[in-house]
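# Examination of the molecular architecture
Here is what each chain is made of, one letter per residue.
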Amino acid sequence: MEKLIITCAISGAEVTKEDNSYVPYTIEEMANEAYEAYAAGASIIHLHVRNDDGTPTQDINRFEETIKAIKERCPDVIIQPSTGGAVGMSNDERLQPTMLYPEMCTLDCGSVNFGGDEVFINSENDVIYFAEKIYEKGILPELECFGKMHVDQVLRLVKKGHIKEHLHFSFVLGIPGGMTGEERDFLFLKDSIPESATYSVAGVGRFEFKLAELSIKYGGHVRVGLEDNIYITKGIKAQGNKVLVEEVVRIASLNGRSIASPNEARKILGLKV
Ligand code: KMH
Ligand code: ZN
C-alpha cells in the first residue's frame, strides 16, 4: 500500500484554550505545535491562524509570518492554509492566504450546518469562485467534503471543468449538522470517488481514531489535530497535537503502513518535489 500521509490540523478556528490549553494562538505557539506534529510524522500542516487573543483571522500578514516561523522549524513540511477560515467571513477575506502561493490550500465543496445557528456557507458559485482563484495560482486544493452531497458537487464541477485533476479529497465527518463518521459513511464516500483520486479522512471528536484506522486499512490518508478533536482518549485531553499524530503512527504501524515524508507526500499528490 501507498505510504500514509498524515495531515495535522493544529489549531482550527473554533476550539479555544478553554477547550484544550495546547490550542496554539501566537506565532510561536503555532510554529511549536507544527514542529512537534511534523517531528511525530505529519507531512502536511493544515493551517488556520489566530490573533494573539485567539480570535480567528485570515489576515495575509499573519499567515505570512506564521508560515515563515513554521518553515524555519521544519523547512520541508507542506503547509496547507485554510480558505474556510471561520463561519461568517467573506469569500475574499477567506481567500487571502492563496496570495502567498502555498503548495496546497483547502477548497470547501458545499455548505454545512455547524450546530446551533452556525451555517458554513459555500454556494455552488462560491465553490466555482474559490476554485478559479486557487487553480490560477497553481495551488493544489484539498477538496473538503462534509458529506456525500459535497462529493457529488465536486464530480459535477469536474465535468464542467471548474475542478481539475489531481483530485485529493478530505472527508470531514462527524460535524454536528454534517455527515456522521460511522464505517458505512466512510465506505460510501470512498467508493464514490474516481479510482485516480486520493483521499484523507478527518474524524471529528470521537470519530477521529476510528476513522483514521479505517482509512489506514483501506489505503486512504488521515488528518488529525486539535481542530478536529481535543481528546487522546475518552475524557482525557490530548497534550498537544503531537500525541494525536503519534497515535496515528502507532495505528499505522499495527496495520503495516509506513509514514510518508513530506517529499513522499508530494509525489503521491502530484506536487513538485
Ligand atoms: N472553520 C470552518 C468554518 C477549512 O479549513 O477549509 C471551516 C474549516 C474548513 O475549518
Ligand atoms: Zn480547517
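The following refers to the structure shown. A quick note: this is a predicted structure, and the numbers were derived from the prediction, not measured.

How each quantity is defined
- Residues numbered from 1 in each chain as written.
- Chains lettered and ligands numbered in written order.
- Predicted model: local features only at pLDDT ≥ 70, side-chain atom pairs only at ≥ 80, totals over all residues.
- Heavy atoms only, no water.
- Near = heavy atom within 4 Å.
- Polar contact = N/O pair within 3.5 Å; in protein donor to acceptor, adjacent residues only side chain to side chain.
- Areas by Shrake-Rupley, 256 points an atom, 1.4 Å probe, with all protein chains shown as cover.
- Buried < 20%, exposed > 50% of the residue type's maximum accessible area, 1.4 Å probe, protein only.
- Helix = DSSP H or I, 4+ residues; strand = E, 2+ residues; numbered from the N terminus.
- Pairing = 2+ DSSP bridges.
- Arc of directions from axis to C-beta.
- Core = buried A, V, L, I, M, F, W, Y, C linked by side-chain atoms within 4.5 Å.
- Contact = heavy atoms within 4.5 Å.
- Salt bridge = Lys/Arg side-chain N within 4 Å of Asp/Glu carboxyl O.
- Axes fitted to C-alpha atoms, helices over the stretch in contact; angles between N-to-C directions.
- Parallel < 35°, antiparallel > 145°, perpendicular 65-115°, else oblique.
- Left-handed = near helix turned anticlockwise from the far one by under 90°.
- Nonpolar A, V, L, I, M, F, W, Y, C, P; charged D, E, K, R; others polar.
- Phe/Tyr/Trp six-rings, centres within 6.5 Å; stacked < 30°, edge-to-face > 60°.
- Lys NZ or Arg CZ within 6 Å of the ring centre and 35° of its normal.

### Concerning the site of ligand 1
Neighbouring residues of ligand 1: 13 residues in total, closest E14, S82, G85, T106 and D108. With respect to ligand 1, the backbone of G85 contributes an N or O atom lying 2.8 Å from a nitrogen atom. A distance of 2.7 Å separates an oxygen atom of ligand 1 from a polar atom in the side chain of D108. Protein chains bury 98% of the 300 Å² of accessible surface belonging to ligand 1 in isolation.

### With respect to the pairing of strand β9 (residues 140-145)
Among the 6 residues in β9, 6 count as buried, and that is most of the element. Burial of the side chains of β9 extends over both faces: L140, E142 and E144 are buried on one face and P141, L143 and C145 on the other. Strand direction decides the pairing type here: strand β6 (residues 104-108) and β9, joined by 5 bridges, are parallel. Residue pairing across strands places C105 opposite P141, the latter belonging to β9.

### A look at helix α9 (residues 262-269)
Among the residues of α9, P262, A265, R266, I268 and L269 are the ones counted as buried. Looking straight down α9, one finds its buried side chains confined to an arc of 165°; they lie on one side. A positive phi of about 75° marks G270, the residue just after α9.

### What to know about the nonpolar core
Grouped together as the largest cluster of nonpolar side chains are 37 residues, with contacts concentrated most on I45, L47, I70, V224, V245 and V248. Taken together, the elements giving at least two residues each to this core come down to β1 (6-9), α1 (27-40), β2 (44-47), α2 (60-73), α7 (208-218), β12 (221-224) and α8 (241-254). By residue number, the principal contributor to this core is α1, which donates 6 residues. The contact partners of L47, leaving out residues within four places of it in the chain, are I10, M30, F63, T66, I67, I70, I79, Q80, P81 and S82. Counting residues in each nonpolar core, the second largest holds 31 residues, with C105, L107, A197 and V201 among its members.

### Here's the deal with the pattern of salt bridges
Under the defined criterion, the tally for this structure stands at 16 salt bridges. The closest approach of N and O atoms between K3 and E264, which form a salt bridge, is 3.0 Å. Pair noted here: K3 is in the segment before β1 and E264 is in helix α9, with a separation of 261 residues, a long-range link. Here R266 makes a salt bridge to E103, at a shortest N to O gap of 2.6 Å.

### Quick notes on the sheet that holds β1
Pairing is parallel across the open sheet formed by 8 strands, whose spatial order is β5-β2-β1-β12-β11-β10-β9-β6. A strand with exactly one partner marks an edge of an open sheet, and here the two such strands are β5 (78-81) and β6. Recorded for the sheet is a direction-independent mean angle of 25° between the axes of neighbouring strands. Packing of α2 onto the sheet brings it into contact with β2 and β5, and relative to β5 it is tilted by some 160°.

### Regarding the packing of α1 against α2
Interaxial distance between α1 and α2 falls to 9 Å at its minimum, and their mutual angle equals 40°. With respect to each other, α1 and α2 are oriented oblique. The chirality of how α1 crosses α2 is right-handed. Together, I27, M30, A31, N32, A34 and Y35 of α1 and R62, E65, T66, A69, I70 and R73 of α2 make up the contact between the two elements. Of the residues assigned to the contact of α1 with α2, the class counts are 7 nonpolar, 2 polar and 3 charged.

### Points about the packing of aromatic side chains
Think of a pair of aromatic rings as described by two things: how far the centres are apart, and how the planes are tilted against each other in angle. Throughout the structure, instances matching the rule amount to 8 aromatic pairs. Members of the aromatic cluster, each reached through a chain of ring pairs, are F169, F171, F186, Y199 and Y218. Looking at K17, its charged tip hangs above the ring of Y25, at a distance of 4.7 Å from the centre. Positioned over the ring face of Y135 is K164, at 5.1 Å from the centre of the ring.

### Comments concerning unusual backbone geometry
Each neighbour pair has its own omega, and for E165 with H166 the value is -5°, a cis peptide bond. Of note in the backbone geometry, Y101 takes a positive phi value of approximately 50° without being a glycine. Inspection of the secondary structure assignment puts Y101 in the loop between α3 (91-94) and β6.

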